[in-house]
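# Observations on chain architecture
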Amino acid sequence: MRDQSRLWRLVGRTGLFSLVWMMLVAGLLRLHAQAPSTTTVGKDAESLLTKAPFDRVFLKDNSDLLIEPVAPRPLPPGLKKPGQRPIRGKRSPEAEARARELENNPAMRLLVQPLEAEGTEYALYREDITQVTYFEDMLLAEANRLIDSRDYPKAFEYLLYVQAREPKWNGLAATHRRLLLAEARDRFAVEEYSSGLQFVNEVLGVDNKDKEARSLAVEGLAKLAEGDLKNQRYERARESHAKIKSLDAASEALKSLEAELKKAAGQFLADAPKDKPERLDFLNSAWRAWPELSGLAQAREEAMATWPTLRVAVTEPVDKPPQPWQAGPSADRMMGLVFKPLLKDLQESSFKGQNNDQLLEKFEMTDLSTAQLTIKADLKWSTGRSINARDVVAAMSAWAQPTSPAFHGVWASLVDSVTASDDRKIQVRFTRPVFQPESWFLRRVAPAETSQAEELAASAWVGSGRYLWQPPTVESSGVQNVFQRRPEITDGLFRIQEQVIPDESEGWQSLLDGRVDLVEHVPVEYDAVKPEGEQIVIADYATPEIHLLALDGRSPVIRNRSFRRALGYALNRPEILEEQFLKRPPKPDEIIADGVFIKGTSWDDNTVKPQPYDRSLATLLFASARRELKQPQLRLTLDYPGRADVARAVARIADDLKQYGIEVVLKASPPDSLETKLVQGSPFEIAYRVIYPTTDHFLIGSGIAPGLYARPAANGLASLASPLTRSNILDIERAWDETRVRQSAQFIDRLCRDELPVIPLWQIPRRFAWRSGLKGIKPGQKSLYENIESWSLTSGAMQ
Amino acid sequence: MIVKCKKAIAISLVWLNTVSALLAQSEKPATVPAQAAETEATSKQKTNTKVPVAPDVSLELQPYRIDLRFSLTDEVAIDESQGRRLLVDFTSLAARVVGKPWSLNPDWVEGQVWDTSFDQWSQWPEQVAYDRRTVFPQDKIWLIRARQGADANTVQLVGREFDTKTGNMGPTRTNTVPASDLSRGIFDLCRLIFRPLAEVAANEGGKVRLRLQASALAPATPEGAIVSPNQYFQLVRIFFERSGRFVASSTEPWTYLKAETVGESGVLSQIISSFRDPIGRKYRQINKLYALALNPAAEPTQVQFSQLVSTNGSPVRHPIAGYQVEMHRWPDGPVVASQLTDRDGRVTLEPPPGLDFYGVRLLGGAVEPLLDVPILAGDQVPPILADTKPAAVEFEQSLISFRDEILDGIAKRLVFEARLGERTRAEDWDSVTQLLRQWQNTPAPVIYENRLSDIKISAQKRQITEKKAILTQAAQALVAELEALVSRYDAQEIEIFEESLQKRSSRPFLEDLAEKKAEQKKDATAKPKDN
């Protein structure tokens, strides 16, 4: 400031302004010779985003110079007589003050700081300036050039830059609109109508009356609907129809689309067979195309009453014939539909065979190590063959055969002999007295001929349950798992159509839209939101799910105690849960897990607290692990089930571990195949697992090490990284009373904290949801289709 | 630590010995295969029909009278005449190489008792009940069975030896040979299964002198020598009644002899054992100690560990499942391999390459050695009864968790110290104040000291009341380590930072730092001089 005032004092006193001016201009020109050219676009413009902002002034003598950005921006318009210079000669003090005031007005005189002038300020009269090009204008010019050359992402970066500097800059909104429409047109040209329409919608969001955008939207929607009609995606075609109607009710595209939809619905109605369950499928398709079609609603309601079909949104196809030994979420869900268990539950009524949905007529322990089973007389496999003792003996032998996929390590060490005394009676002798042996008979059995089949052809599949599995079909709406009621059964739901929707959010949306009646799993980011209306019921399953990182002790890195402890400290679980997994603050029942047992149950030791997050300790322990392992670089693979919420969490975990110098390779797999692989003892390093803790003490280790009960060849025992935890789990298998089981379980819970054979993450409730038209389903179910025989659909369920 | 561990397991092994001796007393072995039992009468008759001949020459001059019983499976295409010719060839070969020490009586025994899978036997199928003065017509019975090899041109020979004097079955050995050279294959297998017998003559200052049968009979060739230096022996103890009737024989567990010198005065051998004095152990019953030679082999050894668990007041055998078994260089060399016991407590140990001998250590938890025994490569060992010391292992686990906690505390304090150093150097007194507060919030050393003391006292009390080993050597080592860690934790000081903060100057800290560096330098220069 002092230099500036001194300069003006000098100019004022000596009247040598012209001289100074000449010098100034000469100096500026010299500087200008080193500055970038005036047309700072094209290849040089690439650097505009990285350069310090500057403006450009053009002077009377056709020269220009680059200056630090002027202020205010934009400059106020010049005075009526811009650049009127002070009158020379003696002036009165008042005149002098007025002149000074006038000269301080930026409309008359501008202080500029040329680039590379080392911070020196110069003054310019506005009359000597012919034009000022602002930095923002240069950015917009470059953005326009990029739009013309179809480099939209780069152009968008320029617009973002302008918005960050001056959000209300003249021309910014117009350029943005131009960019959106241009990009939309380009997307339409390559038949990406959905994404193109998103750009148009953005324009319409700013100005709903933008004619060009409206017309473009109609064009895009019509094209999108055309493709949807071809692919039989009628719901989306109808959505497009509704949108076109709101944009231009008189458009030709609308009329044409409506005619097509009606035609398709009419065709389905006409083609629907009269007396086959497929009639409902045809009518549903017609409903999806044009529900207002005359007579359709009544026909559909009648068909639904005759062949009640439950539509369920699930995330995975059941593409392999179900086998009782399979593991994973879809196996847990649907195994009860297709196979009956030996005993349905551990109630006395089931032991006496009073439960219809089981194979045994009688179960009794004749002594401490001998069980006597009697099969019901009238049971048949889906092929019509009677279910007999041979099937049960074969299945139980398969559980003990090291070559069988149904092998279970505990059973193999426990059972001495399984013999059939006649067609219905089986004697199971154990090698020792067994605590709660009846829990083994909650398992399901396959027919003798397929009890040890690793791979099974779809045509060879045989079931014993209420429903028959059918190979998945690819419909217009995606892959469908279909379970159809056995012909001899006449009551209850006729069919279960599982619509495979891998994206859980879309599955949830399909429930809201009424495309399905039931959704297997409510995505965590939505289950806190109560949907509008009373038509949707959200309920918890009986047991919550525990998310954890399973560690494979067969890997030398995982066996290292320092590494496991570092891993325990390295993850900020509360933050990952809230920010990545839930994407909302957790509710009181969504807690950080301290082990693999459900909080508050008898197996949980309530003195155990979750492992805290400690970055410094984690850093030190990782360094220690590297030294101990003599591996400067640690690289591990993290397998995870392909769920959106889990994917978000593992991405964050991998990022966090990267900060400690641990490279984590993420590997997504379908949840079923991953779980089956882990349970069968396949090696891994770290695996993200979602477990539903059991109360069966024979399976107590399954949450800690998935391969613990796998075939001996898999060396699954070694997968448990902590020797003491392993020996205690194996001791529990021989426990004889509940007190001992509980004490050992609590000790194992403490060991899980101290020895870290597993990294617990969080415990959250599992939720499912259904439309209120589905009757008989209850909150607190153990599995999705529990008691499905008592379910029914009312007309209200149909949408 | 290992010596003490050995002491601790000695009780278990004595129990094991007693149990196996009692089992052997039973009239009929429990493990007799069904088919063997059927043919028992025939075999017994055969044994008893032979007239015993009392030796009137010394042991060193007695050749080994050996019955070779050769059989084959249906897949091997050799008829009886071919088989007999084969045995003649074999006898001729043995006479050319070994000569006098072997007195062979080969026999073609197709369809007889050894037609069963004798490699599954743990005891001789015929009843062993004879007077010690009775001399059997044979010293050894070699059972050899020919099976189909991997292809049509090879034959797999499986064999094992029964020693009549000790009633002891040798380990099974296999040899795959070309079908065209079967007699040589049989001979090689016989060399593998042959276990020369010796009487224990004397214990000479920790070394054992053996009187070896047939050692005075010169072999036909040097390669045919019965025993050479570095030959291993197993000790077999035979128990008699006062009347002289044989009661039982048992192999001395985890004890081997290794021949150092072989001469006219006998074989002088070194003792390799888990026990201090396996030779001089006292028994109520009359007994005699023999040594049977044993050759190391590349065959895996299956070991089964079990423990006695009290169920409803009575001890029940439980397998020791899921425990870590380490194989290491005997006696206290590095670990060469480790495995886990399965649900039945079994583990199959492949002999480590290049080791005739290895130690097998059973670990409880991560550190507690429950058992450490030597095993000769390829030996067959009986089930092992061990004490898993659950209380001691649980105690050690709590000590390890506590160690982690103290280590974390030390690490935290070190981090604070480093940050305090930086902040004091920068004279950022606000941060120094905050860091000092954080430091003061870390547990005081006395908390750790008291906890450690409590842990020790409770372990001692429990040890007295439960009469179980809890403060084992491994546990005591851990306690000592923890005490050192607690004192290390206690040694960390922050007074210099407090002084710097008080004076609002980094000078005290920097001066202290300079002093420490000087001291370190002094120490570093002093050390080479001391050396």
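Residues numbered from 1 in each chain as written. Chains lettered and ligands numbered in written order. Predicted model: local features only at pLDDT ≥ 70, side-chain atom pairs only at ≥ 80, totals over all residues.

When helices and strands are tallied, chain B shows 11 helices and 20 strands. Going through the 531 residues of chain B one by one, you find that 35% of them count as buried. (Helix = DSSP H or I, 4+ residues; strand = E, 2+ residues; numbered from the N terminus. Buried ≥ 20, exposed ≤ 12 C-beta atoms within 10 Å, placed from the backbone.)

With that out of the way, let us pick up the overall build of chain A. The helix and strand inventory of chain A stands at 25 helices and 24 strands. By residue count, 41% of the 799 residues in chain A fall in the buried class. Relative to all contacts within chain A whose residues are 6 or more apart in sequence, the contacts with residues 24 or more apart total 65%. (Contact = placed C-beta atoms within 7 Å.)

Moving on, we come to the packing of helix H24 (residues 723-732) of chain A against helix H25 (residues 738-755) of chain A. Residue and element names in this part refer to chain A. One can describe the packing of H24 onto H25 by two numbers: an axis separation of 10 Å at closest approach and a directional angle of 165°. Put simply, H24 runs roughly antiparallel to H25. The way H24 lies across H25 gives a crossing that is left-handed. Touching Leu-724, Thr-725, Asn-728, Ile-729, Asp-731 and Ile-732 of H24 are Val-741, Ser-744, Phe-747, Ile-748, Leu-751, Cys-752 and Glu-755, all from H25. (Axes fitted to C-alpha atoms, helices over the stretch in contact; angles between N-to-C directions. Parallel < 35°, antiparallel > 145°, perpendicular 65-115°, else oblique. Left-handed = near helix turned anticlockwise from the far one by under 90°.)

What follows deals with the sheet that holds strand E8 (residues 207-212) of chain B. Strands belonging to one sheet form pairs held by backbone hydrogen bonds; the direction of such a pair is parallel or antiparallel. Residue and element names in this part refer to chain B. Within the closed barrel, the 6 strands sit side by side as E7-E8-E11-E10-E9-E12. Their pairing is antiparallel. Taking each pair of neighbouring strands and ignoring which way they run, the sheet shows an average axis angle of 45°. Sheet topology places E8 next to strand E11 (residues 266-273); 4 bridges connect them, and they run antiparallel. Pairing of Lys-207 across the sheet is with Gln-270, part of E11. (Pairing = 2+ DSSP bridges.)

Below, the discussion takes up unusual backbone geometry. Cis geometry is adopted by the peptide bond preceding B:Pro331, which originates at B:Trp330 and carries an omega value of 5°. The phi dihedral of A:Lys583 is positive, around 60°, even though this residue is not glycine. Within the fold, A:Lys583 resides in the loop between helix H20 (573-582) and strand E17 (591-592). Positive phi, normally seen in glycine, also occurs at B:Glu427, with a value near 55°. Within the secondary structure, B:Glu427 is located in the loop between helix H6 (390-425) and helix H7 (429-441).

Further remarks concern helix H5 (residues 152-165) of chain A. All names here are of chain A. Taking 1.5 Å as the rise per residue, H5 with 14 residues should run 20 Å; its terminal C-alpha atoms sit 20 Å apart, in good agreement. Where H5 is concerned, the buried positions are Ala-155, Tyr-158, Leu-159 and Val-162. Within H5, the buried residues cover an arc of 95° as seen down the axis, which keeps them to one side. The exposed residues of H5 that point more than 90 degrees off its buried face are Pro-153 and Ala-164. (Expected span 1.5 Å × (residues − 1). Arc of directions from axis to C-beta.)

Right, let's get into the interface of chain A and chain B. Interface extent is often summarised as the accessible area lost during association of the parts. Facing the 17 residues of chain A at the interface are 21 residues of chain B. Those elements that provide at least two residues to the side of chain A that touches chain B are helix H16 (409-414), helix H21 (615-629) and H24 of chain A. At 5 residues, the largest contribution of residues to the side of chain A that touches chain B is made by H24(A). In terms of residue class, the side of chain A that touches chain B is made up of 9 nonpolar, 4 polar and 4 charged. (Nonpolar A, V, L, I, M, F, W, Y, C, P; charged D, E, K, R; others polar.)

On to the confidence of the model for chain B, then. Residue and element names in this part refer to chain B. Per-residue confidence for chain B gives a mean pLDDT of 81; residues scoring 70 or more make up 83%. Per-element confidence in chain B is highest for strand E15 (residues 324-328), whose mean pLDDT is 94, and lowest for helix H2 (residues 34-38), whose mean pLDDT is 34. In this model residues 1-54 is a low-confidence stretch, pLDDT under 50, and it forms 65 contacts with partners more than four residues away in sequence or in other chains. (pLDDT = per-residue confidence, 0-100.)

Before going further, it helps to spend a moment on the environment of A:Val664. Residue and element names in this part refer to chain A. Mapped onto the fold, Val-664 is located in strand E19 (residues 662-669). Here Val-664 falls in the buried class, since 20 other C-beta atoms lie within 10 Å of it. Sequence-distant contacts of Val-664, that is, excluding residues within four places in its chain, are made with Leu-636, Leu-638, Ala-654, Leu-657 and Lys-658.

Residues and elements named next belong to chain B. Direction of pairing for strand E13 (residues 301-311) relative to strand E14 (residues 314-319): antiparallel, over a ladder of 6 bridges. Note that in E14 the partner of Ser-306 across the bridge is Pro-319. Connecting E13 to the antiparallel partner E14 that follows it, the hairpin turn spans 2 residues, and Asn-312 within it adopts a positive phi of roughly 50°.

Further remarks concern the packing of helix H8 (residues 211-230) of chain A against helix H10 (residues 252-271) of chain A. Residues and elements named next belong to chain A. In the contact formed by H8 and H10, the axes pass within 10 Å of each other and the chain directions differ by 15°. Between H8 and H10, the crossing angle belongs to the class labelled roughly parallel. Pair H8 / H10 crosses with left-handed handedness. Counted together, Val-218, Ala-222, Ala-225 and Leu-229 of H8 and Ala-253, Leu-257, Glu-260 and Ala-264 of H10 form the full contact between these two elements.

Let's shift gears to the confidence of the model for chain A. In the predicted model, chain A carries a mean pLDDT of 86, and 89% of its residues have values of at least 70. A low-confidence stretch, residues 1-43 of chain A (pLDDT under 50), is modelled with 30 contacts involving residues beyond four sequence positions or located in other chains.

All names here are of chain B. Bridging between strand E7 (residues 197-204) and strand E12 (residues 286-294) involves 3 bridges; their strand directions are antiparallel. Counterpart to Ala-198 in the pairing with E12 is Ala-291. Pairing analysis gives 9 bridges linking strand E9 (residues 232-240) to E12, with the strands arranged antiparallel. Within E12, the residue paired with Phe-233 across the bridge is Ala-293.

Moving on to the sheet that holds E15(B). All names here are of chain B. Taken in spatial order, the 4 strands make up an open sheet running E16-E15-E18-E19, and their pairing is antiparallel. The sheet is open, and its two borders are formed by strand E16 (335-340) and strand E19 (368-376), each paired with just one other strand. If you compare each strand with its neighbour and ignore which way they point, the axes differ by 25° on average. Two strands pair when backbone bridges link them, and E15 and E16 are joined in this way by 5 bridges, in the antiparallel orientation. From the neighbouring strand, His-328 faces E16, where its bridge partner is Val-335.

Attention now moves to helix H9 (residues 234-247) of chain A. All names here are of chain A. Over its 14 residues, H9 runs 20 Å from end to end, which matches the ideal 20 Å to within 8%, given 1.5 Å per residue. Burial in H9 covers these residues: Tyr-234, Ala-237, Ser-240, His-241 and Ile-244. Buried residues of H9 fall within an arc of 115° about the axis and therefore sit on the same side. Along H9, exposed side chains directed more than 90 degrees from the buried face belong to Ala-242 and Ser-246. Structurally, H9 contributes buried residues whose contacts are with H8, H10 and helix H11 (278-289).

Bringing the environment of A:Val218 into the picture now. Residue and element names in this part refer to chain A. Tracing the chain through its elements places Val-218 in helix H8. Classification of Val-218 as buried rests on a count of 21 C-beta atoms within 10 Å. Once the C-alpha coordinates of Val-218 and Lys-243 are considered, the two residues, 25 residues apart in sequence, prove to be 8.2 Å apart. Residues within four places of Val-218 in sequence aside, it is in contact with Ile-244, Leu-247, Asp-248, Ser-251 and Ala-253.

This paragraph deals with the environment of A:Leu512. Locating A:Leu512 in the fold gives a position in helix H17 (residues 504-513). Considered as a pair, A:Leu512 and A:Trp770 are 258 residues apart in the sequence and their alpha carbons are 9.4 Å apart.

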